[in-house]
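# Chain and residue survey
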Amino acid sequence: MPGHERFIKNMLAGVSGIDLVLLVIAADEGVMPQTREHFDILQLLRVKKGIIVLTKVDLVDEDWLELVKEEIKEFFSGTSFENAPMIPVSSVTGEGLPTLLETIDSMVQNVEERTDIGKVRLPVDRVFTVPGFGTVVTGTMASGRLSISDEVVLMPTNICSRVRGLQVHGNKEEFAQAGQRLAVNLAGVEVAEIQRGNVLCTQGALKPSYRLDVKIHLLANTVKPLLHRARVRLHIGTDEIISRVIMFDRDQLRPGEDAYVQLQLEDTAVASKGDRFVIRRLSPMQTIGGGVVIDPLAQKHKQYKKDVIEILRTKEKGTADELLQQFLATHPLPVTEAIAAEEANVAAADWDDALHKLLKEDKVKLVLADNENMLIYKERYLCWVEQITVALKEYHDKYALREGYPKEELRSRMFDKLNTKVFLYLLQQMDNDGYIKVNPQTLRLPEFSGLPTGKDAELITTIEHILKKNIFQPPNWNEIVKQLVLKPDQAAEYQAFLLRTDKIIKVEDNIYFHIDGINKAKDVIAQYINETGKINLGETRDLLKTSRKYALPLLLYLDRIRFTRRIGDDRVLGAKA
């Protein structure tokens, strides 16, 4: 790549995939400003392996060549290129070229091979049409393994496609892997829909974001400090996006300093934790710094909030268990293990050990679910346990005769951000841990019985006695309330308790039979039908020594519960007799 400023954008689009660089310096000119800027970019992007190629040696004498070599050694002193091979060459005479080729061959043997584990990521640097084949994109695979017929998506535009063909250095291949330079023939997508900066990836591998939390380094040779809210050009992958630098703990970053900042982007980007980037001034276009992505899906933070820096420091350097603990500590809801691993940026190889450590240290609570277990920070779980037990205690004190707090009512009042399914899993886990007891529709404290005591028990027993005494001609509920001088709320609670415990049965509005009366009526009616084959309303009235006012509602109730079945004016025994 020519070193001139107008070519640097192209250099930035391709350099992220480079393992070994040839840094070319002309012997008749020495280290030039463009050399410095290109080398700054290499340092910022952590390209550590290189060969210094000293060209045009045929144009200078030995004394000048030695001076240039000393200048180059001084320039690279203390950097990752300090011990890089320096090879003088001439394209005119051929001097040094065999040595250069041998050195390249030797150094590429020691380049660390990139893993093909993980999801596919291919930053697109070119897009074009090949007649007879259609749309082709090129780039260097950052991660994963791509095969023909794979389903892929272009981000951040979220355009789905399928791999029709692959070429690696001009050769057709069935698959390609991380580190390789390749061309991908895509199906069902037009050239106009794709541009440099897009990323070809596995569905769900990347999410677009307008914010990146990053650690940034401002080059020491930068003339001016970088100010809070300054606009810069962000170069990440093959993309270039205008961004604003939001600082958390300062108002400016001085040359040579590092800081945790947020980049607010004017267009969406797709990135992964650990991605390197470069920033340049808007005008004049100069490289001033770069850094590493810490959180590719960052939320907005307040400036000078103390814990933001600690959170970002852990996200940058924390161990797998520290990353998981921090994510759960700041995440307000239970999450599945898969989501926790992805959003906490914990590698699959480290997941089991990290989770086991936190469970052993009792920092994380595992919530059992039908398909995939969920995780919640233990402190939050215990806080919710306390909130629920306090609410249940207050509810039991107020409604001592009710079975318990209706689950959905509790969720909507106190945990409306939890969907019903997750809330039920959480309640069942609290039941398993002995904090509460879960009924089909309600929940209660373990020690709560819902049985009447004291004056309540006496009055409820009296109500039962009244209904038993008039077993087939019970007084209506309003008469009982008036007889016992019950308050409306009190009467409603007694009635609900007697119905819930099946002590009384509602056969019609305002007509309630005691369960003993219902059971006795069933026995009498069943015996009569077994002897005669059927029974009618009049016969029921006479058998029970009651009136039509009570016999008809009773028979209709028995029909509803399928104890009897109506045929014309008669009844026979039903399916549940």
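Residues numbered from 1 in each chain as written. Predicted model: local features only at pLDDT ≥ 70, side-chain atom pairs only at ≥ 80, totals over all residues. Heavy atoms only, no water.

### Comments concerning a negative patch on the surface
A cluster of like negative charges, contributed by Asp 58, Asp 61, Glu 62, Asp 63 and Glu 95, occupies part of the molecular surface. By secondary structure assignment, the location of Glu 62 is in helix H3 (residues 62–76). (Patch = residues over 30% accessible without salt bridge, like charges linked within 9 Å, V, L, I, M, F, W, Y side chains within 5 Å. Areas by Shrake-Rupley, 256 points an atom, 1.4 Å probe, with all protein chains shown as cover. Salt bridge = Lys/Arg side-chain N within 4 Å of Asp/Glu carboxyl O. Lys, Arg positive; Asp, Glu negative; His and termini not counted. Charge placed at Lys NZ, Arg CZ, Asp CG, Glu CD. Helix = DSSP H or I, 4+ residues; strand = E, 2+ residues; numbered from the N terminus.)

### Remarks on the sheet that holds strand S23 (residues 364–367)
Strand order in the open sheet made by the three strands is S22-S24-S23, with antiparallel pairing throughout. A strand with exactly one partner marks an edge of an open sheet, and here the two such strands are strand S22 (335–336) and S23. Here two bridges tie S22 to strand S24 (residues 374–377), and the two strands are oriented antiparallel to one another. Looking at the pairing, Thr 336 lines up with Met 374 of S24. Together, S23 and S24 form the strand contacts of helix H8 (residues 348–360), whose direction differs from that of S23 by roughly 105 degrees. Docked against the sheet, helix H9 (residues 378–398) engages S23 and S24, running at close to 85 degrees with respect to S24. (Pairing = 2+ DSSP bridges. Contact = heavy atoms within 4.5 Å. Axes fitted to C-alpha atoms, helices over the stretch in contact; angles between N-to-C directions.)

### Describing the environment of Asn 530
Along the chain, Asn 530 falls in helix H15 (residues 515–532). The exposure class assigned to Asn 530 is exposed, which follows from its relative accessible area of 60%. Measuring from C-alpha to C-alpha, the distance between Asn 530 and Val 15 comes to 94 Å, with 515 residues separating the pair along the chain. (Buried < 20%, exposed > 50% of the residue type's maximum accessible area, 1.4 Å probe, protein only.)

### Quick word on the packing of aromatic side chains
Each aromatic ring pair is summarised here by two numbers: the centre-to-centre distance and the angle between the ring planes. Considering all chains together, one arrives at 11 aromatic pairs under this definition. Considering the side-chain rings of Tyr 395 and Tyr 405, the 4.4 Å spacing of their centres and the 20 degrees angle between planes classify their relative orientation as stacked. In this pair, Tyr 395 sits in helix H9 while Tyr 405 sits in strand S25 (residues 405–406), placing the two residues 10 residues apart along the sequence. As far as burial versus exposure is concerned, Tyr 395 and Tyr 405 are alike and both buried. (Phe/Tyr/Trp six-rings, centres within 6.5 Å; stacked < 30°, edge-to-face > 60°.)

### A closer look at the pattern of salt bridges
Using the criterion set out here, one finds 26 salt bridges in the structure. Across the salt bridge formed by Asp 275 and Arg 121, the nearest N and O atoms sit 3.0 Å from each other. Here Asp 275 is found in the loop between strand S19 (258–269) and strand S20 (276–281), whereas its partner Arg 121 is found in strand S4 (residues 121–123), with 154 residues between them in sequence. Here the two residues Asp 275 and Arg 121 agree in accessibility, since each one is buried. Ionic pairing is found between Lys 468 and Asp 516, a salt bridge with its closest N-O pair at 3.7 Å. Pair noted here: Lys 468 is in helix H12 (residues 454–469) and Asp 516 is in helix H15, with a separation of 48 residues, a long-range link. In this structure, a network of salt bridges that share partners links the residues Asp 249, Arg 250, Arg 254 and Glu 257.

### Structural notes on the environment of Gly 78
Of note, Gly 78 is situated in the loop between H3 and strand S3 (86–88). The exposure class assigned to Gly 78 is exposed, which follows from its relative accessible area of 67%.

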